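Per-entry structural report
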Amino acid sequence: MDVTVSERDDTAVVSVDGRIDAESAESLDTAITGVLARGGKRVLVNLEKAAYMSSSGLRVLLGKFRDLRRVDGEMALCAVQPDVYKVFLMAGVHEVFPIYVGLDEILASGDGEKEERTSP
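Residues numbered from 1 in each chain as written. Predicted model: local features only at pLDDT ≥ 70, side-chain atom pairs only at ≥ 80, totals over all residues. Heavy atoms only, no water.

Among the 5 residues in strand S4 (residues 74–78), 4 count as buried, and that is most of the element. Both strand S3 (residues 42–53) and S4 contribute to a ladder of 5 bridges, which runs parallel. Bridging from a neighbouring strand, arginine 42 pairs with glutamate 74 of S4. For the crossover that starts at S3, traverses helix H2 (residues 55–70) and ends in the parallel S4, the hand is right-handed. Here S4 runs beside strand S5 (residues 99–100); their pairing, made up of 2 bridges, is parallel. Its bridge partner being in S5, cysteine 78 is matched across the sheet by tyrosine 100. With helix H3 (residues 82–91) bridging S4 and its parallel neighbour S5, the resulting β-α-β unit is right-handed. (Buried < 20%, exposed > 50% of the residue type's maximum accessible area, 1.4 Å probe, protein only. Helix = DSSP H or I, 4+ residues; strand = E, 2+ residues; numbered from the N terminus. Pairing = 2+ DSSP bridges. Right-handed = clockwise from strand over helix to strand, strands pointing away.)

Below, the discussion takes up the packing of aromatic side chains. The full count for this structure, using the stated rule, is 2 aromatic pairs. Both rings, one in phenylalanine 65 and one in phenylalanine 97, keep their centres 5.2 Å apart while their planes meet at 70°; by these two values the pair is edge-to-face. You can see phenylalanine 65 sitting in helix H2 and its partner phenylalanine 97 sitting in the loop between H3 and S5, a full 32 residues away along the chain. For the residue pair phenylalanine 65 and phenylalanine 97, the accessibility class agrees, reading buried in each case. Ring plane angle 70° and centroid distance 6.0 Å describe the contact between phenylalanine 88 and phenylalanine 97, whose orientation is recorded as edge-to-face. The same class applies to phenylalanine 88 as to phenylalanine 97, namely buried. Here the basic side chain of arginine 19 rests over the ring of tyrosine 52, its NZ or CZ set 4.1 Å away from the ring centre. (Phe/Tyr/Trp six-rings, centres within 6.5 Å; stacked < 30°, edge-to-face > 60°. Lys NZ or Arg CZ within 6 Å of the ring centre and 35° of its normal.)

Residues Val45, Leu47, Leu61, Met75, Leu77 and Phe88 are the most contacted members of the largest nonpolar core, which totals 29 residues. Setting aside its immediate chain neighbours within four residues, leucine 47 contacts Val16, Ile20, Met53, Leu77, Cys78, Ala79, Val80, Gln81 and Val84. Leu44, Cys78, Ala79 and Leu103 belong to the second largest nonpolar core, which has 7 residues in total. (Core = buried A, V, L, I, M, F, W, Y, C linked by side-chain atoms within 4.5 Å. Contact = heavy atoms within 4.5 Å.)

Looking at the element boundaries, serine 24 is found in the loop between strand S2 (11–20) and helix H1 (25–37). In contact with serine 24, not counting residues within four places along its chain, are Met1 and Arg19.

And the structure:
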């Protein structure tokens, strides 16, 4: 799995390419921790190229979501693929995170629309 971090205005965009599993979840954790260490308070996790997410990946996202909330920060997800969204539904965390349709729409409008999925 590859994780890249780019900055757009006051938002750190953390893009994931590949499978987020027990072995690779640490890379995602490290990337978001780095944003927090630099004083970042807005994180957008782009899951457009994330083909799979295990419970380890969910734990990382939930933990970093909580860390950001502690410093009055925020985290959102975008471009969640159907198989990954199914994991969110099964775990019951699909309502925890703001989930947006796509990266470009969010950054162009400054807010974006929350992704509405009723079925995987």
